[in-house]
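An overview of the molecular structure
Here is how the chains run, residue by residue.
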Amino acid sequence: MKTISVTVNGSVFEEDVPERLLLVDFLRDRLALTGTHVGCTHEGVCGACTVHLDGEAVKSCMMLAVQADGHAVTTVEGLARDDRLSALQEAFARHHGLQCGYCTPGILMNMTDFLTGNPDPSEDEIRHGLIGNLCRCTGYVHIVRAVKDAARVLRENTGGAR
Amino acid sequence: MYPARIEHYERPQSVAEALAALGRFEPGDAIFLAGGMSAMQAMKSRMLQPRCVIDLQDVAELQGVTREHGALRLGAMTRYAAIAADAAIPSAYQALRDAAAHVGDRQVRNRGTIGGSVSWNYVASCMPATVLGLRGAMLLAAADGSTRRVVADDFFLGPLETARRDDEILLAVEFPAPPAHCGSAYAKWGLIKDALPVVGICVMVGLDDDDKCVSARIALSGLADGCQRASAGEASLLDSEGDEQAIAVAMDAIAESVETQSDQSADADYRRQLIRSVGREVAARAFARARGQ
Ligand SMILES: Cc1cc2nc3c(=O)[nH]c(=O)nc-3n(C[C@H](O)[C@@H](O)[C@@H](O)COP(=O)(O)OP(=O)(O)OC[C@H]3O[C@@H](n4cnc5c(N)ncnc54)[C@H](O)[C@@H]3O)c2cc1C
Ligand code: FES
Ligand code: FES
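Residues numbered from 1 in each chain as written. Chains lettered and ligands numbered in written order. Predicted model: local features only at pLDDT ≥ 70, side-chain atom pairs only at ≥ 80, totals over all residues. Heavy atoms only, no water.

**Considering the overall build of chain A**
- When helices and strands are tallied, chain A shows 5 helices and 5 strands.
- Tracing chain A from N to C terminus, the helices and strands come up as β-β-α-β-β-β-α-α-α-α.
- Over its C-alpha atoms chain A spans a radius of gyration of 16 Å, differing by no more than 12% from the 15 Å that the globule rule assigns to 162 residues.
- Sorting the 162 residues of chain A into buried and exposed places 52% on the buried side.
- Of all intrachain contacts in chain A linking residues separated by at least 6 positions in sequence, the fraction that spans at least 24 positions is 56%.
- Of the roughly 7200 Å² of accessible surface on chain A, 49% is carried by carbon and sulfur atoms. (Helix = DSSP H or I, 4+ residues; strand = E, 2+ residues; numbered from the N terminus. Rg over C-alpha atoms; globule rule 2.2 N^0.38 Å. Buried < 20%, exposed > 50% of the residue type's maximum accessible area, 1.4 Å probe, protein only. Contact = heavy atoms within 4.5 Å. Areas by Shrake-Rupley, 256 points an atom, 1.4 Å probe, with all protein chains shown as cover.)

Here it is, written out as structure tokens:
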């Protein structure tokens, strides 16, 4: 057992965890933040578990919880502010960027990070950015559209951020 | 999938502390953890069942890219994302950026490191063949404070095998100052975009003042014996000007001389065809870069 202190969505959590506990299970089972999903767990290929570690998109099934000690994690529950969805979340709703929603939290976290580094992406760049997230439902067309539109909204609101 | 029970988690602050932690365990009982993109898979499938995990994230000596008199040194913990974004990498070593920019996906590139990849030396991987093609060297340190440099030709011994001893840590991957008119490129073909290479090829060429090829190195990935040089193709490119015909002849020579395997990703003949088609594209790009285009 190891005591870790992790800032999740702005709040500090101090917990005793077994060394082998995966970060994704820490978030879901300990902190009850079940918005972060588990799709594959073994190979780390589906991206459903994507969260931000110090602002960067990472797969939380590919990390031990103890590795996050001293770091800041953001999950999909941390995207909305004051009950207002983020621009990307709103664009997903507007463009039907989800069907069953299983892949959605991971895609939102990955693409939120992506848009920070690339505020005016082409369709090709968006598709390349999405490689680490599998969606079985949508065929990606509406997801790509939503990301592109969110980028537009974010650019128009620069200064107003998010 | 859970890793098996892990008894200790260490987060050393220096190379000396990391090696000391390693020394407290029997060989194989403690492992270094870099980006975890291979180690976590191996722990979850229980191929690896370490008693101790030594997390290298805080070891500053393993971080960062340095350049001195044209030589390039990438700290073992340099992540793919940083390599792909490093516009200061010279044309001689652009293959590093080609490879890093297409490893897996964004999330993998945000975590995975060059040091982890060459230490793991998986058959279907991008960095080992790239480092071999670019005549890189691995700088290793042992607990007694000694260091040694092992060139790629001696470092990669076969699938999942390297010359790193159990008591050593990889500090950095180094590349010597390139001669003038030198260019390199890497590309791969996988079952889906940016997937593990079914075939991956790194080409590095040096030209004289008349654009004639005076040095050539070619390395392959995806073959059953692990990353390897393709000497038939290297010899064939020498003295050429890297025109379409010369490149095609060189790639044919490689395709006909290397041993390719059949597996669920591709059969042996298809792999030969991939060597030809991917190889032509990569070599043309390496020559163009050497010419400054
Ligand atoms: C979804 C996915 C897609 C991928 N796609 C590709 C791909 O397209 N191409 C490709 O090449 N690879 C691919 N990979 C594999 C990936 O590149 C890893 O092999 C690589 O990131 C390993 O580096 P790491 O930093 O994650 O190392 P880790 O997984 O942390 O470590 C790997 C091994 O190296 C050892 N090690 C690490 N650092 C050191 C050190 N400094 N000194 C000594 N030993 C050390 C560890 O003990 C361990 O045995 C993919 C992985 C995933 C999960
Ligand atoms: S659950 Fe983490 S990548 Fe699939
Ligand atoms: S919406 Fe169902 S998996 Fe993507």
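**Digging into the domain arrangement of chain A**
Residues and elements named next belong to chain A.
- We note that the domain assignment places domain 1 (2-78) and domain 2 (87-157) within chain A.
- Between the C-alpha centres of domain 1 and domain 2 the distance comes to 22 Å.
- Both sides of the domain 1 and domain 2 interface together cover about 1100 Å² of buried area, and 60% of this is carbon and sulfur.
- On the domain 1 side of the interface with domain 2, the three residues burying the most area are His37, His52 and Val76, jointly 38% of the side's total. (Domains from an automatic or database assignment. Buried area = accessible area lost by both parts, 1.4 Å probe.)

**Brief notes about the sheet that holds strand E5 (residues 71-75) of chain B**
All names here are of chain B.
- Strand order in the open sheet formed by 5 strands is E4-E5-E10-E6-E7, and the pairing between neighbours is antiparallel. Looking at which strands have only one partner, the edges of the open sheet turn out to be strand E4 (65-68) and strand E7 (147-151). This sheet shows a mean twist of 25° between the axes of neighbouring strands, independent of strand direction.
- Both E5 and strand E10 (residues 168-175) contribute to a ladder of 4 bridges, which runs antiparallel. Along E10, the bridge assignment pairs Leu72 with Phe175.
- Contacting strand E6 (137-142) and E10, helix H1 (residues 15-23) crosses the sheet at an angle of about 140° to E10. (Pairing = 2+ DSSP bridges. Axes fitted to C-alpha atoms, helices over the stretch in contact; angles between N-to-C directions.)

**Considering the packing of aromatic side chains**
Residue and element names in this part refer to chain B.
- By the definition in use, this model includes 3 aromatic pairs over all chains.
- Ring geometry for Phe155 against Phe156: centres 5.2 Å apart, planes inclined by 85°, an arrangement best described as edge-to-face. Just as Phe155 is buried, Phe156 falls in that class too. (Phe/Tyr/Trp six-rings, centres within 6.5 Å; stacked < 30°, edge-to-face > 60°.)

**Regarding the domain arrangement of chain B**
Residue and element names in this part refer to chain B.
- According to the domain assignment, chain B contains domain 1 (8-55), domain 2 (63-175) and domain 3 (182-290).
- Listed per partner, the contact involves 29 residues of domain 2 and 26 residues of domain 3.
- When domain 2 packs against domain 3, close to 2000 Å² is buried across both sides, 57% of that on carbon and sulfur atoms.
- Counting the surface domain 2 buries against domain 3, the share from its top three residues, Asp98, His102 and Val123, is 21%.

**Let's talk about the pairing of strand E13 (residues 213-221) of chain B**
Residues and elements named next belong to chain B.
- Counting buried positions along E13 gives 7 out of 9 residues, so the element sits mostly inside the fold.
- For strand E12 (residues 199-207) and E13, the ladder comprises 8 bridges, and the chain directions are antiparallel. Residue pairing for E13: Val205 is matched across the bridge by Ala216.
- Hairpin connection, E12 to E13: the antiparallel pair is bridged by 5 residues, and Asp211 has positive phi, about 65°.
- Inspection of the sheet shows E13 paired to strand E14 (residues 228-229) by 2 bridges, in the antiparallel sense. Paired with Leu220 across the strands is Gln228, a residue of E14.
- Between E13 and E14, which pair antiparallel in sequence order, lie 6 residues; one of them, Gly222, sits at a positive phi of approximately 95°.

**Things to note about the pairing of E10 of chain B**
All names here are of chain B.
- Counting buried residues in E10 gives 8 out of 8 residues, a clear majority hidden from the surface.
- For E6 and E10, the ladder comprises 6 bridges, and the chain directions are antiparallel. Paired with Leu139 across the bridge in E10 is Ala172.

**Comments concerning the nonpolar core**
- Ranked by internal contacts, the top residues of the largest apolar core, which has 91 residues, are Phe26 of chain A together with Leu96 and Ile169 of chain B.
- With 6 residues, E10 of chain B is the largest single contributor of residues to this core.
- Counting residues in each nonpolar core, the second largest holds 30 residues, with Leu220, Leu223, Ile254 and Ile275 of chain B among its members. (Core = buried A, V, L, I, M, F, W, Y, C linked by side-chain atoms within 4.5 Å.)

**Some remarks on the pattern of salt bridges**
- For the structure shown, the criterion picks out 31 salt bridges over all chains.
- Between Asp105 of chain B and Lys59 of chain A there is a salt bridge, with the nearest N and O atoms lying 2.6 Å from each other. On the criterion of chain membership, the pair formed by Asp105 of chain B in the loop between helix H4 (94-101) and helix H5 (106-111) and Lys59 of chain A in strand E4 (residues 56-59) is interchain, its members lying in two chains.
- Owing to a relative accessible area of 6%, Asp105 of chain B belongs among the buried residues under this scheme.
- Among the charged side chains, a salt-bridge network with shared partners connects Arg94, Asp149, Arg152 and Glu156 of chain A. (Salt bridge = Lys/Arg side-chain N within 4 Å of Asp/Glu carboxyl O.)

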